[in-house]
Amino acid sequence: MLALVDGNNFYVSCERVFRPSLFGRPVVVLSNNDGCAISRSNEAKALGIRMGQPWHEFRHLERTAGVVALSANFELYGDMSHRVMALLGRHAPGQEVYSIDECFLDFQGLPGDLVALMRQVRAEVLQQTGIPVCVGLGPTKTLAKLGNHIAKSAERKPDRYPASQAQVCHLGALSPRQRQVLFTATEVGEVWGIGPQVAARLNAAGVHTVSDLLAHDAAALRQRFSVVLTRTLRELQGTPCLALEDAVQARQQIKCSRSFGASVLDLPSLVEAVSTFASRAAEKLRRQASLAGAVQVYLRTNPFRTHDEQRSRTWTTPLARPTDDTQRLVQAAVRGLEAAYTAGYRYAKVGVTLLDLQAATHCQEELPWIASGNAPAPDRGPLMKAMDAMNQRYGKGTIAVASTGATRPERHWVMRQERRTPRYTTQWDELPEVRA
DNA sequence: TCTGGGGTCCTAGGACCC
DNA sequence: TCTGGGGTCCTAGGACCC
């Protein structure tokens, strides 16, 4: 049996742990650049603020409804996530951390009342971290996810699901009749893996609820839809198609991109941004002990400014030899940028993606006659190690490649973050103060 | 005026091969 | 008017997730 444990309104809940005055108020956390809502308290949801809604559209609620908007504080959320995950991991033989705020727990073969156990675990997590969570249980990942969705909805909308399913919902422990009631009240689009496009196509075919979908035969569905949907259906029927991934898998690509705080026209500013993002991607690359075989640069204008002329380009630069050396990766990224750049556009965003990743232990060497012509300087592993150690110890950006423009104060492409709370748990000078 | 970032997987279509 | 069949590999783009 699998459980899916998920933090309620996770980012908002993290903020509330350190600012109890936020309880009971409509709170939203904004994406980078203070762009749109990415986490909302129940009070904010009740005001009609949508997931992903642009801040400028509901900014007036700050005055009229007492909405509190905060800039995303990912350093805080990441640290809180570690605490929650570590606690949860102690209660099951298997755990897959699926995202910053949710994990699967594997109770395979374990006896006992899982609903009672998970209610106790919930209370423990709340007491020790301050984060409220909901739990879904089921024999497959998709059913555990669905149980979790029902557990959360039952808490917020008591008219829709029985109150008995609130907070902890075990789909594997219900009678077929009870399940039928829940599945008839649930739309297909609410199922994990069925997005808006597929949901619309299913609706057009007369399939509206989970019950409707379960009435179909997987093989017949394959004729009209993808294997993805077929798999989802089998999982809903109770046949596991998605394995629990206990071990943390190395990423297959690593990306770092940002929208700018203000649009950028000149190449030198873009070079700074691309150098910065390539450096950050390189740090992530080394952290997972991989090498990159290619560097992709992406730049685009602001698609929302419809009166502006639009442009979007990606450019991939293959590397003669895979590397994790920041300077080489930055050089490749900047070369790509210069190839992709055309003057005269108002650029709003650039990104760097490291591709063709491989384990650092399996480096493919060059044939000697290729290298002999213009042999590149060797990688500087010890230098990279020292850089990472310094930045870890003294803070991000303590030591950086010069082309990032780190020493230039007026980098107007840097994102806006006007309402960020302190990084209470990870920075000595931002620790919360307790007054007696 | 202001609209996020980082991933994965699947599919269709083109290039290429025999 | 007629113009093979079967396969692999790669890539771009779409859909989805949080």
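The present account deals with the structure reproduced in this document. No experiment lies behind these values; they were computed from the predicted model shown.

## Observations regarding helix α6 (residues 114-129)
- With 16 residues, α6 extends 22 Å between its outermost C-alpha atoms, agreeing within 8% with the 22 Å of an ideal straight helix rising 1.5 Å per residue.
- Here α6 has its buried residues at Leu 114, Met 118, Val 121, Arg 122, Glu 124, Val 125 and Thr 129.
- One side-chain oxygen of the residue at the start of α6 lies 3.0 Å from the amide nitrogen of Val 115, identifying that residue as Asp 113.

## Remarks on the protein's contact with DNA strand C
- Near DNA strand C you find 13 residues, and of these Ser 99, Lys 145, Gly 193, Gln 197 and Val 198 are the closest.
- Each atom of DNA strand C within 4 Å of the protein was assigned to sugar, phosphate or base; sugar and phosphate come to 100%.
- Gly 193 places a main-chain nitrogen or oxygen 2.5 Å from a phosphate oxygen of DNA strand C.
- Contacts to DNA strand C include Val 198, whose backbone N or O atom sits 2.9 Å from a phosphate oxygen.
- Top contributing element to the surface near DNA strand C by residue count: helix α9 (residues 196-204), with 3 residues.

## Notes on the protein's contact with DNA strand B
- Around DNA strand B there are 25 residues in total, and Ser 31, Lys 255, Ser 257, Arg 258 and Ser 259 lie nearest to it.
- Near the protein, within 4 Å, the atoms of DNA strand B are sugar or phosphate in 75% of cases.
- In the environment of DNA strand B, a base nitrogen lies 3.5 Å from a nitrogen or oxygen atom belonging to the side chain of His 56.
- Arg 231 is positioned such that a nitrogen or oxygen atom in its side chain is 3.0 Å from a phosphate oxygen of DNA strand B.
- Elements with a contribution of two residues or more to the surface near DNA strand B: α12 (227-237) and β9 (254-264).
- In terms of residue count, β9 provides more of the surface near DNA strand B than any other element does, 6 residues in total.
- Among the residues forming the surface near DNA strand B, the class breakdown is 7 nonpolar, 9 polar and 9 charged.

## Focus: the sheet that holds strand β5 (residues 94-99)
- With mixed pairing, the 5 strands of this open sheet are ordered in space as β5-β6-β1-β7-β8. The sheet is open, and its two borders are formed by β5 and β8 (168-170), each paired with just one other strand. Across this sheet, the average inter-strand angle for adjacent strands is 15°, counted without regard to direction.
- Here β5 pairs with strand β6 (residues 102-106) via 5 bridges, running antiparallel. Looking across to β6, one finds that Ser 99 is bridged to Glu 102.
- Where helix α5 (residues 74-89) meets the sheet, its contacts fall on β1 (2-7), β5 and β6, and the angle it forms with β5 comes to roughly 155°.
- Each of β1, β5, β6, β7 (133-138) and β8 is contacted by helix α7 (residues 141-156), which is oriented at about 140° to β7, the strand it contacts most.

The rules behind each value
- Residues numbered from 1 in each chain as written.
- Chains lettered and ligands numbered in written order.
- Predicted model: local features only at pLDDT ≥ 70, side-chain atom pairs only at ≥ 80, totals over all residues.
- Heavy atoms only, no water.
- Helix = DSSP H or I, 4+ residues; strand = E, 2+ residues; numbered from the N terminus.
- Expected span 1.5 Å × (residues − 1).
- Buried < 20%, exposed > 50% of the residue type's maximum accessible area, 1.4 Å probe, protein only.
- Polar contact = N/O pair within 3.5 Å; in protein donor to acceptor, adjacent residues only side chain to side chain.
- Near = heavy atom within 4 Å.
- Nonpolar A, V, L, I, M, F, W, Y, C, P; charged D, E, K, R; others polar.
- Pairing = 2+ DSSP bridges.
- Axes fitted to C-alpha atoms, helices over the stretch in contact; angles between N-to-C directions.
- Contact = heavy atoms within 4.5 Å.

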